[in-house]
Structures are given as C-alpha cells and as structure tokens.
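Now for the letters of each chain:
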Amino acid sequence: MTTIITYGTFDLFHIGHVQLLRRARALGDRLIVGCSTDEFNASKGKNSIFTFEDRVEILKACRFVDHVLPERNWEQKVVDIKEHDVDIFVIGDDWAGKFDFLTDASGCAVAYLPRTQDISSTDVRDVIKALDNEKKSSAIQSAEHLLELIKDI
C-alpha cells in the first residue's frame, strides 16, 4: 500500500484544492491530509474564513481523502511521515525545493504538483471583498439618491 501525505490550510475550498487532492490520491492507495489549525495559521500571519473544525469536515467529505490530521507546526511533518508510514509527500509546486529535506529526514519521496491556474483562496477572498465593496458602493448610491428625493419633498 502506497501512502501519500499533503498539508495545507484548505480555506474556501475550491477546484484547485480538489485537483491537488485528486492528483495526490492518484499517486497511491491512501491519502492523508494535514489541515493547518487556526493557531498555526495565526503564527504564519493568516486568518481563515472557515474554522479549523469546518475545514476538517470539508476535507473529510472529499472522496479522495482517507484521513485528516491537524497541522500544528512546520516541524511535525517528519514525525507524521514516520508515524503514518508515508511513501510520498505531496505539495503544490509553488513550494518547489522547500521540502526536499524530507527525503533524507524521513525516507519518503517528495512530489511538487502543479497548481491549478487562475484559482487560489486568496483570489476567492479578493472576489468576496470586491463584492462586499460593490454592495457598499451600491448602498451609498441608493442612500444618496433617497436623500435627493427627500430634498425635493
């Protein structure tokens, strides 16, 4: 049995996440996903929209995922790999070269998979913010229009 492991925040779950998990799972028989805790994200200067508990439930619902564990710090990867008898560590290619040390430290292979073009949680977050700003702008315009109408009465 070939065991794969990957890590991430997996906030605002989108097609890029699905494709990463699908491609990772295709490399073996079992996929373990380390989901960054809210505390770990805070230490990296990140704030998730969804709580850790919600992100774990979303990951558990994905058919490509066999097991989810909390990612509490950068250093735990070697321990997790050994503890779960992992054969391949997978991460997006935006991290290329950053985890090569895992091969010597834990004996597993490291694979950097291509990111899905034109999608990221940051992109989704930016769209949400833009929509929110658009709604604010629309509400201000409506309020100004009402003020003009009231002035005429």
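Our subject is the structure listed above.
Residues numbered from 1 in each chain as written. Predicted model: local features only at pLDDT ≥ 70, side-chain atom pairs only at ≥ 80, totals over all residues. Heavy atoms only, no water.

Trainee: Hey, could you go over the pattern of salt bridges for me, with residue numbers and the actual values?
Mentor: All told, the structure shown has five salt bridges when counted by the stated rule. E71 is the salt-bridge partner of K77, the closest N and O atoms lying 2.6 Å from each other. We note that K77, like E71, is buried. (Salt bridge = Lys/Arg side-chain N within 4 Å of Asp/Glu carboxyl O. Buried < 20%, exposed > 50% of the residue type's maximum accessible area, 1.4 Å probe, protein only.)

Trainee: So, the sheet that holds strand β3 (residues 67–71): which residues are in play, and what are the values?
Mentor: Pairing in this open sheet of five strands is parallel, and the strands run β3-β2-β1-β4-β5 from one edge to the other. On the outer flanks of this sheet lie β3 and β5 (109–113), each paired with one strand and no other. Strand-to-strand twist in this sheet, taken as the mean axis angle between neighbours without regard to direction, amounts to 25°. Where strand β2 (residues 30–36) lies against β3, five bridges are found, and the strand directions are parallel. Residue pairing in the sheet places V33 in a bridge with V68 of β3. Here helix α1 (residues 15–25) sits on the sheet and contacts β1 (3–8), β2, β4 (88–92) and β5; the angle it forms with β2, its principal contact strand, is near 145°. (Pairing = 2+ DSSP bridges. Helix = DSSP H or I, 4+ residues; strand = E, 2+ residues; numbered from the N terminus. Axes fitted to C-alpha atoms, helices over the stretch in contact; angles between N-to-C directions. Contact = heavy atoms within 4.5 Å.)

Trainee: Before we move on, can you summarise the environment of G97 with the specific residues and values?
Mentor: As for its placement among the helices and strands, G97 is situated in the loop between β4 and α5 (101–106). The class of G97 is partly exposed, set by a relative accessible area of 41%.

Trainee: So what's going on with the nonpolar core? Residues and values would help.
Mentor: The biggest cluster of nonpolar side chains holds 20 residues, and the ones touching the most others in it are L21, L31, V33, L59, V65 and V90. Sorting the residues of this core by element identifies α1, β2, α3 (52–61), β4 and β5 as the ones contributing at least two each. For this core, the leading source of residues is α1, giving four residues. Residue contacts for V33: discarding those within four places in its chain leaves T6, F10, L21, L59, V65, H67, V68 and L69. Residues I5, L69, I91 and F99 belong to the second largest nonpolar core, which totals 12 residues. (Core = buried A, V, L, I, M, F, W, Y, C linked by side-chain atoms within 4.5 Å.)

Trainee: Can you tell me about the pairing of β1, naming the residues and giving the values?
Mentor: Across the six residues of β1, six count as buried, placing the element largely inside the fold. The alternating pattern of β1 places T3, I5 and Y7 on one face and I4, T6 and G8 on the opposite face, and all of these are buried. Bridging between β1 and β2 involves six bridges; their strand directions are parallel. Its bridge partner being in β2, T6 is matched across the sheet by V33. Traced from β1 through α1 to β2, the parallel crossover comes out right-handed. Of the strand pairs in this sheet, β1 and β4 are connected by three bridges, and their pairing is parallel. Paired with T6 across the bridge in β4 is V90. (Right-handed = clockwise from strand over helix to strand, strands pointing away.)

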